[in-house]
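# Structural characterization, general
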Amino acid sequence: MDVEPIYCAEQIVVPIDLADVLKAFTKEVIRRQPENLVEFSAKYFANLANVAGSVQEAATPTREQLKLVCQRAEGAKALSLQHIEALCTQADIQPSIVARVAEAGKFESDMVEVDKFLFLLLAMTCDSFKTVTAGIFELFGDELEATRFIALIGYLAPDMDPDVTTQFLAELSTALMDVPRVTHESVLNLDVLSAKLKQ
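Now for a description of the structure that goes with this document.

The rules we used
Residues numbered from 1 in each chain as written. Predicted model: local features only at pLDDT ≥ 70, side-chain atom pairs only at ≥ 80, totals over all residues. Heavy atoms only, no water. Buried < 20%, exposed > 50% of the residue type's maximum accessible area, 1.4 Å probe, protein only. Helix = DSSP H or I, 4+ residues; strand = E, 2+ residues; numbered from the N terminus. Arc of directions from axis to C-beta. Contact = heavy atoms within 4.5 Å. Axes fitted to C-alpha atoms, helices over the stretch in contact; angles between N-to-C directions. Parallel < 35°, antiparallel > 145°, perpendicular 65-115°, else oblique. Left-handed = near helix turned anticlockwise from the far one by under 90°. Nonpolar A, V, L, I, M, F, W, Y, C, P; charged D, E, K, R; others polar. Patch = residues over 30% accessible without salt bridge, like charges linked within 9 Å, V, L, I, M, F, W, Y side chains within 5 Å. Areas by Shrake-Rupley, 256 points an atom, 1.4 Å probe, with all protein chains shown as cover. Salt bridge = Lys/Arg side-chain N within 4 Å of Asp/Glu carboxyl O. Core = buried A, V, L, I, M, F, W, Y, C linked by side-chain atoms within 4.5 Å. Domains from an automatic or database assignment.

### Description of helix α9 (residues 166-175)
Taken as a whole, α9 has its buried residues at F168, L169 and L172. Down the axis of α9, the smallest arc covering the buried residues is 95 degrees, so these residues share one side. The outward face of α9, more than 90 degrees from its buried face, is lined by the exposed residues T166 and Q167. Among the structural elements, α7 (129-140), α8 (146-154) and α11 (191-197) are those in contact with the buried residues of α9.

### Quick word on the packing of helix α3 (residues 63-73) against α7
One way to put it is that α3 packs onto α7 with a least axis distance of 10 Å and a crossing angle of 45 degrees. Compared by their axis directions, α3 and α7 come out oblique. In this structure, α3 meets α7 at a crossing whose hand is right-handed. Every residue of α7 that contacts α3 at R63, L66, K67 and C70 is listed here: T131, G135, E138 and L139. Of the residues contributing to the contact of α3 with α7, the split by class is three nonpolar, two polar and three charged.

### With respect to the packing of α3 against helix α6 (residues 114-124)
At their nearest, the axes of α3 and α6 sit 10 Å apart, and the two run at 175 degrees to each other. Classified by the interaxial angle, the pair formed by α3 and α6 is roughly antiparallel. Within the contact between the two elements, α3 uses R63, L66, V69, C70 and A73 and α6 uses V114, L118, L121 and L122. In the contact of α3 with α6, the residues fall into eight nonpolar, no polar and one charged.

### Observations regarding the environment of V69
If you trace the backbone, V69 turns up in helix α3. By relative accessible area, which is 2% here, V69 ends up buried. In this structure V69 touches L87, C88, A91, I93 and L118, once residues within four positions along its chain are discounted.

### Overview of a nonpolar patch on the surface
Together, V14, L18 and L22 make up a nonpolar patch on the protein surface, roughly 250 Å² of accessible area in all. Take V14: its relative accessible area is 55%, and that puts it in the exposed class.

### As for helix α5 (residues 95-105)
Those residues of α5 that fall on the buried side of the exposure criterion are I97, V98, V101, A102 and G105. Around the axis of α5, the buried residues are gathered within 135 degrees of arc, so they sit on the same side. Every exposed residue of α5 that faces more than 90 degrees away from the buried side is listed here: P95 and E103. Against the buried residues of α5 lie α4 (81-90) and α6. Once α5 ends, the next one or two residues include K106, with phi positive near 50 degrees.

### Topic: the nonpolar core
If you look at the biggest cluster of nonpolar residues, it comprises 48 residues, and the most contacted ones within it are I93, F119, I136, F149, I153, L172 and L193. Secondary structure elements with two or more residues in this core: α3, α4, α5, α6, α7, α8, α9 and α11. Among the elements that line this core, the one with the most residues is α6, at eight residues. Per-domain counts for this core show at least three residues from each of domain 1 (63-123) and domain 2 (127-193). If we skip the residues at most four places from it in the chain, F119 touches V132, I136, F140, L152, Y155 and L156.

Here it is, written out as structure tokens:
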């Protein structure tokens, strides 16, 4: 590396987003407690670079685009990846975004679970668990079967949100055991979600 020597404080330029990047990284290290910090760091920053590159090359889908894909899927449980790609193209969602969601979803066959694909697209447009929760009801309907809501939240585990553990999902299932359908307002009042909704 060819680096100029630093002789005075005026030569030091700190990138504006350095503090935010280091803060997010530190939180992940504390949360996950990796055995091999160097290996974890390499994977963390490689993933961060991939996400940043994807965001720069293609615009994040709008809620209107997501609703259009949802409407055109016409309640199908599963569709071929080609069919999903065509629906996204019709809604002007960039192919690189579709490819990224397909990779994140780890779809193992040509058939794609529509709810999971749409949820992952939705999650790309959200910056917190609270906005993901609100987005679920905006995209999938004002009132959902409790089991479907739990399944949608489950798509955050384990890669997207390390707090959404098997235990967390079990507690959510228990809290909604006798509740056939949920609304956005009703889930906001669940004790099991209260801490996450404040993040």
